[in-house]
Structures are given as structure tokens and as C-alpha cells.
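# Topology and contacts: notes
Listed below are the residues making up each chain.
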Amino acid sequence: MKVRLVLLALLLTACSVGPTEPAKITPRAAPPPLPPQASELSEAPTSAPNSAPNCDATASLRPGPLPEPGQMPDGSTMAKIQARGRLIAGVDQNTYLMGFRNSFTGEIEGFDVELARRLAQAIFNDPAKVQFKIVTSAGRIPALKSGDVDVVVRTMTITCQRLAEVDFSAVYYQAGQRVLVRRNSGISGVEALQGKKVCATAGSTSLANVASKGTKPVSVPNWTDCLVMLQQGQVDAISTDDTILAGLAAQDPYTEVVGGRFTEEPYGIGVPKGQEDLVRFVNGVLEQMRADGTWVALYRRWLGQLGPAPTPPVARYRD
Ligand code: GLU
């Protein structure tokens, strides 16, 4: 009885002090969430291209004759990999065409991934003897420096700044930076992006390059995060290598690549410092791939939408 009285009293008080009309709720769509770790940069990333020392970045080490698969020279870095039974390669799983997970088979595939399989073929005579570790743009150099991976094959531009921390093979692909926008955006290239939000991954040369063009750079971990942000109207454009943009455009017909290349992005296979034998070995495998038509076949399979196969980059060596 006591409880009922208390309830009644509560109800009466609620009625007397409550609003006479129900509160009006204005329906407002919640803004789409940002991808994790997306951030608008207030200052240019430290890897700004002009902060790099000068060097002859694309000159690598001359290969000697390749050892037979399964017979890596005693004491060499390749012999250690052979003894382990698998090559460990840092690749991407978010860059369609270069390094991505095939959602039907669950396998990692793409141009870069096939290069890693070729290295495994050359060491073991078995392209399957490779363990893939997924690395973001920003994770490539740390993975090499910690010895977490033997090589990085992940759309990695050879720069003087990076050469201070890791070594590179000869150039295996010559990419260049362009711009991806929503169709009919009226944006025709990088010049039209002054003051506009432009997405690129943290730790990429692309982010530093767009920052130097007077844009508002937005950084994310993965290239697919940029595509989501473009689709959700959270950025005006994505800017990175034409290879990566081709893969993003292929996933969304409402986007288009505009403007010409405004940078040179020579790709190299990253190798930890102090492993000259592995650099020379990798360069030997690349030579072989250029000579026997493998490079052109890989280009046609993965990058054919960029146009007819160019001649593979000519290797340059410093010694
Ligand atoms: N090639 C550029 C770089 O190495 C962009 C590609 C990427 O980060 O995946 O920084």
C-alpha cells in the first residue's frame, strides 16, 4: 500500500513539473563515422620530399650469377632464409591490383605479391614457400628494421630519406602520383586541390607530396580507408600512385582519375640494411624476370588497365 502511494505521489509530481507538450525531436542524420585513426594534419608530415638528403636513390647493387634454387651460398642471408624454410615478405592486403586479399579464395594476390612469390621460387624452387606479413605504409620501415620481415614488396618508393634506414633493389616499377575524385566533381587535377581535403596514408610519400601542394592532407592507415572517406564525402580527393588509384577506381565506378602524374615514384623491394648479398640476389631475380618475359606478363595480368605494357624499367647499379 505504501509503495502504491509513493508511486502515485511520484507520478503526480512528474505531471506537475513535466513539459505540457511533448518535446519536438528534429530528425538529424548522424554523420558517417570516420575510419579508425583518420586525422586531418595540421602540419606537413616530416617526410616532406624536400627534407631528404640528396643521393642517387635508384642506383642499386649489381647482381652476380644467381645460385641454383635450393642451393643458397653458405653463410649468406639467403641461406638463412632457406634454412628457415620460408621467405617472410611484408606486403599489403588493401591495395587492389598490387597487394590485396582475394575475397573468393582468401589468398593474397597482386603484382607485388607475385614478385615476392618469384623470390621464393628463386630460393626454394617453390613459389609457395613465402609467409606474408601485412604492413601498412607506415609499418614498412619498422618491419624491415626489426627483422620482422626479410623483404618488403609494397608499392614502396625508393627515396634518399628511406635509404638512410633501409636498402632497396633496383627499380622494378615506375609509378607516378595522380588524383582520384568523385565523377563530375569539377576537379581536374592536383592544381585544383588548394585548400581541399585530400586523403593519403600515413607514412607514404603521397601524403608529403599533397601537403606540399597547399591541400589539407588527411591521413589514414590504409588506402581503402581513403576510398570510404571519398565515398562518404569526408574528403574531396585521394592522391597517390597511379597503380593504387587504378585499383581504387576499379572498385568504384563513381570515381575517376584526373590530371597527369606530378611526381615520380620508382618502386623498389625493401631489404634491411647490411644485407648486400640479398639486395644483389633480389636484383638478379628482377633481371631474370625482365629478360624472360615474366615482368611483362605480370604487368598485363595486374596493371593492363593502365595501358599497354611499357618496357620494364632499366636497372641502374652503383657497383
Ligand atoms: N609509393 C608511395 C610510398 O611508397 C605510396 C604508396 C604507399 O604508401 O602504399 O610511400
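## Things to note about the environment of Lys-216
Mapping Lys-216 onto the fold places it in strand β13 (residues 216–220). Each C-alpha atom, one on Lys-216 and one on Val-198, is 6.1 Å from the other, the two residues being 18 residues apart in sequence. With residues up to four places along the chain from it excluded, the contact list for Lys-216 reads Glu-40, Gly-195, Lys-196, Lys-197 and Val-198.

## Examining the sheet that holds strand β15 (residues 255–258)
Taking strand neighbours across the sheet as the criterion, the 6 strands line up as β1-β13-β12-β14-β11-β15 in an open arrangement whose pairing is mixed. At either end of the open sheet lies a strand with only one pairing partner, and these are β1 (39–40) and β15. By the bridge criterion, 2 bridges tie strand β12 (residues 197–201) to strand β14 (residues 237–241) in an arrangement that is parallel. What sits directly across from Val-198, in β14, is Ala-237. Running at roughly 155° to β14, helix α7 (residues 223–231) makes contact with β11 (177–182), β12, β13, β14 and β15 of the sheet. Its contacts with the sheet place helix α8 (residues 242–251) against β11, β14 and β15, and it is angled at close to 135° to β14.

## Brief notes about the site of the ligand
Taken together, 16 residues surround the ligand, and among them Ser-137, Thr-157, Arg-162, Thr-205 and Asp-241 come closest. In the environment of the ligand, a nitrogen atom lies 2.7 Å from a nitrogen or oxygen atom belonging to the side chain of Thr-157. Within the side chain of Arg-162, a nitrogen or oxygen atom sits 2.8 Å from an oxygen atom of the ligand. The protein chains hide 100% of the 280 Å² of surface that the ligand would expose on its own. Only α6 (205–211) and β14 provide two or more residues apiece to the shell around the ligand.

## Quick word on the state of the cysteines
Inspection of every chain in the model, using the stated rule, returns 2 disulfides. The residue that forms a disulfide with Cys-199 is Cys-226, at a sulfur-sulfur distance of 2.1 Å. Between Cys-199 and Cys-226, the disulfide has an S-S torsion of -80° and is therefore left-handed. Taken as a pair, Cys-199 in strand β12 and Cys-226 in helix α7 lie far apart in primary sequence, 27 residues in all. Of the residues examined, Cys-199 reaches a relative accessible area of 0% and is grouped as buried. Classification of Cys-226 as buried rests on a relative accessible area of 0%.

## What to know about the packing of aromatic side chains
Under the criterion given, the structure shown has 10 aromatic pairs. With a centroid separation of 6.2 Å and 20° between ring planes, the pair formed by Tyr-173 and Trp-295 is classed as stacked. Remark: Trp-295 occurs in helix α10 (residues 294–303) and Tyr-173 occurs in strand β10 (residues 173–175); sequence separation between them is 122 residues. Accessibility assignment for this pair places Tyr-173 and Trp-295 in one class, buried. Ring pairs connect the aromatic residues Phe-111, Tyr-172, Tyr-173, Tyr-267, Trp-295 and Tyr-299, which therefore count as one cluster.

The rules behind each value
Residues numbered from 1 in each chain as written. Predicted model: local features only at pLDDT ≥ 70, side-chain atom pairs only at ≥ 80, totals over all residues. Heavy atoms only, no water. Helix = DSSP H or I, 4+ residues; strand = E, 2+ residues; numbered from the N terminus. Contact = heavy atoms within 4.5 Å. Pairing = 2+ DSSP bridges. Axes fitted to C-alpha atoms, helices over the stretch in contact; angles between N-to-C directions. Near = heavy atom within 4 Å. Polar contact = N/O pair within 3.5 Å; in protein donor to acceptor, adjacent residues only side chain to side chain. Areas by Shrake-Rupley, 256 points an atom, 1.4 Å probe, with all protein chains shown as cover. Disulfide = S-S within 2.5 Å. Buried < 20%, exposed > 50% of the residue type's maximum accessible area, 1.4 Å probe, protein only. Phe/Tyr/Trp six-rings, centres within 6.5 Å; stacked < 30°, edge-to-face > 60°.

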